[in-house]
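Each chain, letter by letter, is given below.
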Amino acid sequence: MKEVLPYHVGIIMDGNGRWAVERGLSRSEGHQAGAENLESLLCHIYDRHIPYVSLYAFSTENFKRAEKEVSFLMNLFLDLFQKKLVKLKKLNVQILFSGRRENIPEKVWLAMKKLEEETKEGNRGVLNICLNYGGQYEIVDMTKKIVSLALSGKLKVSDITKEKVEENLYQNLPPLDFVIRTSGEKRISNFMLYQSAYAEYYFPKVYFPDFDCEEFDKAILEFQKRKRRFGGN
Ligand code: FPP
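These numbers come from a predicted model, not from an experiment. (Residues numbered from 1 in each chain as written. Predicted model: local features only at pLDDT ≥ 70, side-chain atom pairs only at ≥ 80, totals over all residues. Heavy atoms only, no water.)

Draft legend 1. Geometry of unusual backbone geometry. Although it is not a glycine, Asn92 sits at a positive phi angle of roughly 70 degrees. When you line up the elements, Asn92 lands in the loop between helix 4 (86–90) and strand 3 (93–98). Despite not being glycine, Phe230 shows a phi value in the positive range, around 50 degrees. Relative to the elements of secondary structure, Phe230 occurs in the segment after helix 8 (213–225). Classification of Phe230 as partly exposed rests on a relative accessible area of 49%. (Helix = DSSP H or I, 4+ residues; strand = E, 2+ residues; numbered from the N terminus. Buried < 20%, exposed > 50% of the residue type's maximum accessible area, 1.4 Å probe, protein only.)

Draft legend 2. Up close: the site of the ligand. Around the ligand, a shell composed of 18 residues is seen, among which Asp14, Gly17, Arg18, Arg27 and Arg65 lie nearest. Arg18 has a polar backbone atom sitting 2.7 Å from an oxygen atom of the ligand. One nitrogen or oxygen atom from the side chain of Arg27 is found 2.9 Å from an oxygen atom belonging to the ligand. Burial of the ligand by the surrounding chains reaches 92%, relative to a free accessible area of 630 Å². Secondary-structure elements contributing two or more residues to the shell around the ligand are helix 1 (16–21), helix 2 (27–47), strand 2 (52–59) and helix 3 (67–84). In terms of residues, the shell around the ligand owes the most to one element, helix 2, which gives four residues. Residue composition of the shell around the ligand, grouped by class: eight nonpolar, six polar and four charged. (Near = heavy atom within 4 Å. Polar contact = N/O pair within 3.5 Å; in protein donor to acceptor, adjacent residues only side chain to side chain. Areas by Shrake-Rupley, 256 points an atom, 1.4 Å probe, with all protein chains shown as cover. Nonpolar A, V, L, I, M, F, W, Y, C, P; charged D, E, K, R; others polar.)

Draft legend 3. Quick look at the sheet that holds strand 3. As summarised here, the arrangement of the six strands in space is 3-4-2-1-5-6, forming an open sheet in which the pairing is parallel. Of all strands in the sheet, those bounded by a partner on one side alone are strand 3 and strand 6 (200–202). Neighbour-to-neighbour, the strand axes of the sheet open up by a mean angle of 20 degrees, direction not taken into account. Contacts from helix 3 reach strand 2, strand 3 and strand 4 (125–133), with the element oriented near 150 degrees to strand 2. Here helix 5 (residues 106–118) sits on the sheet in contact with strand 3 and strand 4, set at roughly 145 degrees to strand 3. (Pairing = 2+ DSSP bridges. Axes fitted to C-alpha atoms, helices over the stretch in contact; angles between N-to-C directions. Contact = heavy atoms within 4.5 Å.)

Draft legend 4. Layout of the packing of helix 3 against helix 5. Two elements in contact, helix 3 and helix 5, have axes whose closest approach is 9 Å; the angle formed by their N-to-C orientations is 25 degrees. The angle between the axes of helix 3 and helix 5 places the two elements in the roughly parallel class. Classified by chirality, the crossing of helix 5 by helix 3 is left-handed. Mapping the contact onto sequence places Met74, Asn75, Phe77, Leu78, Phe81 and Gln82 in helix 3 and Lys107, Val108, Ala111, Met112 and Leu115 in helix 5. Partitioning the contact of helix 3 with helix 5 into residue classes produces eight nonpolar, two polar and one charged. (Parallel < 35°, antiparallel > 145°, perpendicular 65-115°, else oblique. Left-handed = near helix turned anticlockwise from the far one by under 90°.)

Draft legend 5. Structural view of the pairing of strand 2. Among the eight residues of strand 2, seven are classified as buried, and the element is accordingly described as predominantly covered. Sheet topology places strand 1 (residues 8–12) next to strand 2; five bridges connect them, and they run parallel. Pairing of Val9 across the sheet is with Val53, part of strand 2. Pairing geometry for strand 2 and strand 4, over seven bridges, is parallel. When the sheet's bridge partners are listed, Leu55 is paired in strand 4 with Ile129.

Draft legend 6. A look at the packing of aromatic side chains. Overall, the coordinates contain 13 aromatic pairs when judged by the stated rule. Their ring planes at 85 degrees and their centres at 5.9 Å tell us that Tyr56 and Tyr133 sit as a pair that is edge-to-face. Of the two residues, Tyr56 sits in strand 2 while Tyr133 sits in strand 4, which places them 77 residues apart along the sequence. Each member of the pair, Tyr56 as well as Tyr133, is classed as buried. Aromatic side chains Phe211 and Phe216 sit 6.5 Å apart centroid to centroid with 85 degrees between the ring planes, which places their arrangement in the edge-to-face category. Residue Phe211 is classed as buried on the basis of its relative accessible area of 0%. When the ring centre of Tyr137 is taken as origin, the NZ or CZ atom of Arg100, which lies over that ring, is 4.0 Å away. (Phe/Tyr/Trp six-rings, centres within 6.5 Å; stacked < 30°, edge-to-face > 60°. Lys NZ or Arg CZ within 6 Å of the ring centre and 35° of its normal.)

No statement about biological role is implied by the geometric values presented.
The structure is reproduced here in structure tokens:
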């Protein structure tokens, strides 16, 4: 029998700070450890034939953190985009970003655009990275785009459909089937609100740096136990 797998998985990568503090390390070292965990985890997910992955890397609200931590994270992202995600390029994965442009340092923004351009032909899977992202802002920004189209006469109000809304989100992605938030916190914290309408949720206790391929497989076993009804019986 064919294995039931999610088509689109979202991961809220939480607990880097606590992972570090429990080891007497700095929060930044926790983020570094989380980033180091990513490459093998992502390769494993695509090897399991799950084609869409969305990662919550940095929320719009995360800009309120200490300047030192924000600046460390921006440099970590730059390093990931310029070097570490190279393996995914070889795996033929298309990399996309969701979020607002404002406040992202120019060099990080340019590296994001370059990565999107370089991977646009990738057909093995899609990696959507949410950076300076907020689910409510995504809905606000989609509304602004649709209203502008309507006001300029390019779109009739009667033509505003679910599909039209989806085309005007940051990315037009399939719905999330499964959302994993590491660290034991049971919140969704503004992550992909529209796309997660019928998602199943899973909250493992492990911090993100310890969420390895084995933990991911455990999560999938949990997903396979869920009975999805999408509002039906
Ligand atoms: C939340 O943990 C984690 C973050 C704000 C950063 C996550 C980033 C990475 C793992 C690097 C990978 C990035 C990309 C671009 C794919 P926390 O600091 O809130 O942990 P805490 O709740 O224990 O304090």
